[in-house]
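Structural characterization, general
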Amino acid sequence: FFKDPNEMLEEKDVYTFEEFQKYITGSTSLNDKTMVEMLYYCGLRRGECRGLQWSDIDWNNKLVSITKQAVSSNDHEKYYELTPPKTAKSVRTLPLTDVLYNDLVSLYNEKKKLYGFNQKCFIFGDIDPLTFGMMSRINEKKTKNADIRRIPLHSFRHSCASLLINTGQPVTTVSKYLGHASTKETLDTYAHMFPNNLTNVKNTMDNLNLNV
């Protein structure tokens, strides 16, 4: 029942940026494309993405606020409950990439024409959010269309973490972006993804010795 401190961290199955671009190429549904972009670029949990409403978008500042999640007892159940995110620090406001922002604008203009539309409608759904099962079917359809291996929806969050780490973001930024309770959680989950900087340590020491 005790965690082995020497246990090897499990490798996460993630999409690289290039693989994600292949994944979304040829998307026929703007809704489906925008949903997976939200998961990938913002690193959201499934329930956080599912719980997004149009009122959560700050159009002027290109921001999205994550203040809740939509949860169900099983993936295919339509009944849902809106609850706070996983932890207090999971409540966060994130900047939208230009690609995601532009697709959200187009999706909003498409959906606002529908009868009964209002700002409390769910971005990925209507008066009710998509079920987890429907989100998974969208993912499966897209992998077949793109002829690429399928990763679970939660792995888009891991893919976002990998992208942040590989572009040199510090652990504090990664932790805040993903809404982790602490940097310890980030390191416990993604320590193996951070580059090994032992060579940099050696070079730093060599440079110090040059000045002796």
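Residues numbered from 1 in each chain as written. Predicted model: local features only at pLDDT ≥ 70, side-chain atom pairs only at ≥ 80, totals over all residues. Heavy atoms only, no water.

1. Quick look at the overall build of the protein
Helices and strands together make up the secondary structure of the protein, namely nine helices and five strands. Listing every helix and strand of the protein by position from the N terminus yields α-α-α-β-β-β-β-β-α-α-α-α-α-α. Taken along its principal axes, the extent of the C-alpha atoms in the protein is 75 × 45 × 35 Å. Burial analysis of the protein (212 residues in total) assigns 42% to the buried set. (Helix = DSSP H or I, 4+ residues; strand = E, 2+ residues; numbered from the N terminus. Buried < 20%, exposed > 50% of the residue type's maximum accessible area, 1.4 Å probe, protein only.)

2. Some details on the side chain of Arg45
Along the chain, the position of Arg45 falls in the loop between helix 2 (30–42) and helix 3 (46–50). Separated by 2.6 Å, the side chains of Arg45 and Glu48 make a polar contact. If we skip the residues at most four places from it in the chain, Arg45 touches Leu39, Lys86, Ser90, Arg92, Arg157, Leu178, Gly179 and His180. (Polar contact = N/O pair within 3.5 Å; in protein donor to acceptor, adjacent residues only side chain to side chain. Contact = heavy atoms within 4.5 Å.)

3. Observations concerning the packing of helix 2 against helix 5 (residues 132–146)
Running from N to C, helix 2 and helix 5 point in directions that differ by 100 degrees, and their axes come no closer than 11 Å. The pairing of helix 2 with helix 5 is recorded here as roughly perpendicular in orientation. Counted together, Asp32, Lys33, Met35 and Val36 of helix 2 and Met135, Ile138, Lys141 and Lys142 of helix 5 form the full contact between these two elements. In terms of residue class, the contact of helix 2 with helix 5 is made up of four nonpolar, no polar and four charged. (Axes fitted to C-alpha atoms, helices over the stretch in contact; angles between N-to-C directions. Parallel < 35°, antiparallel > 145°, perpendicular 65-115°, else oblique. Nonpolar A, V, L, I, M, F, W, Y, C, P; charged D, E, K, R; others polar.)

4. Comments concerning the packing of aromatic side chains
This structure, assessed with the given rule, holds 15 aromatic pairs. A ring pair is formed by Phe20 and Tyr41, whose centres lie 5.7 Å apart and whose planes are at 85 degrees; its orientation type is edge-to-face. With a gap of 21 residues between them, Phe20 in helix 1 (residues 17–24) and Tyr41 in helix 2 connect regions that are remote in the sequence. The buried category is assigned to Tyr41, whose relative accessible area is 11%. Ring pairs connect the aromatic residues Tyr15, Phe20, Tyr23, Tyr40, Tyr41 and Phe156, which therefore count as one cluster. The positively charged end of Arg46 is found above the aromatic ring belonging to Phe132, 4.1 Å away from the centroid. Its guanidinium or amino end placed over the ring of Tyr101, Lys62 lies 4.9 Å from that ring's centre, counting from NZ or CZ. (Phe/Tyr/Trp six-rings, centres within 6.5 Å; stacked < 30°, edge-to-face > 60°. Lys NZ or Arg CZ within 6 Å of the ring centre and 35° of its normal.)

5. Quick notes on the pattern of salt bridges
Oppositely charged side chains may form a pair once their charged atoms are brought near each other. Within the structure shown, the criterion is met by 12 salt bridges. For Glu37, the salt bridge identified is with Lys33, shortest N-O distance 2.8 Å. Of this pair, Glu37 and Lys33 both sit in helix 2, four residues apart, which is roughly one turn of the helix. Ionic pairing is found between Asp98 and Lys62, a salt bridge with its closest N-O pair at 3.7 Å. (Salt bridge = Lys/Arg side-chain N within 4 Å of Asp/Glu carboxyl O.)

6. Quick word on the nonpolar core
One finds Phe20, Met38, Phe124 and Phe156 to be the most contacted residues of the largest nonpolar core, which totals 47 residues. Elements supplying a minimum of two residues to this core: helix 1, helix 2, strand 2 (63–66), helix 4 (98–111), helix 5, helix 6 (155–166) and helix 7 (171–178). Leave out the neighbours within four places in its chain, and Phe20 touches Tyr15, Val36, Glu37, Tyr40, Tyr41 and Phe156. (Core = buried A, V, L, I, M, F, W, Y, C linked by side-chain atoms within 4.5 Å.)

7. A short note on helix 6
With 12 residues, helix 6 should reach 16 Å at 1.5 Å per residue; the first-to-last C-alpha distance of 16 Å fits that figure. Those residues of helix 6 that fall on the buried side of the exposure criterion are Ser155, Phe156, Arg157, His158, Ser159, Cys160, Ala161, Ser162, Leu164 and Ile165. Considering only its buried residues, helix 6 is in contact with helix 1, helix 2, strand 5 (92–95), helix 5, helix 7 and helix 8 (183–190). Phi for Gly168, located one or two positions after helix 6, is positive at around 85 degrees. (Expected span 1.5 Å × (residues − 1).)

8. Here we look at helix 5
With 15 residues, helix 5 extends 21 Å between its outermost C-alpha atoms, agreeing within 8% with the 21 Å of an ideal straight helix rising 1.5 Å per residue. Among the residues making up helix 5, those that are buried are Phe132, Gly133, Met135, Ser136, Ile138, Asn139, Lys142, Thr143 and Ala146. In this structure, the buried residues of helix 5 make contact with helix 1, helix 2, helix 3, strand 3 (69–71) and helix 6. Once helix 5 finishes, Asp147 follows within two positions and takes phi at roughly 55 degrees, a positive value.

9. Looking at the environment of Glu140
On the secondary structure map, Glu140 appears in helix 5. Note: C-alpha distance between Glu140 and Tyr101 (39 residues apart in sequence) is 24 Å.

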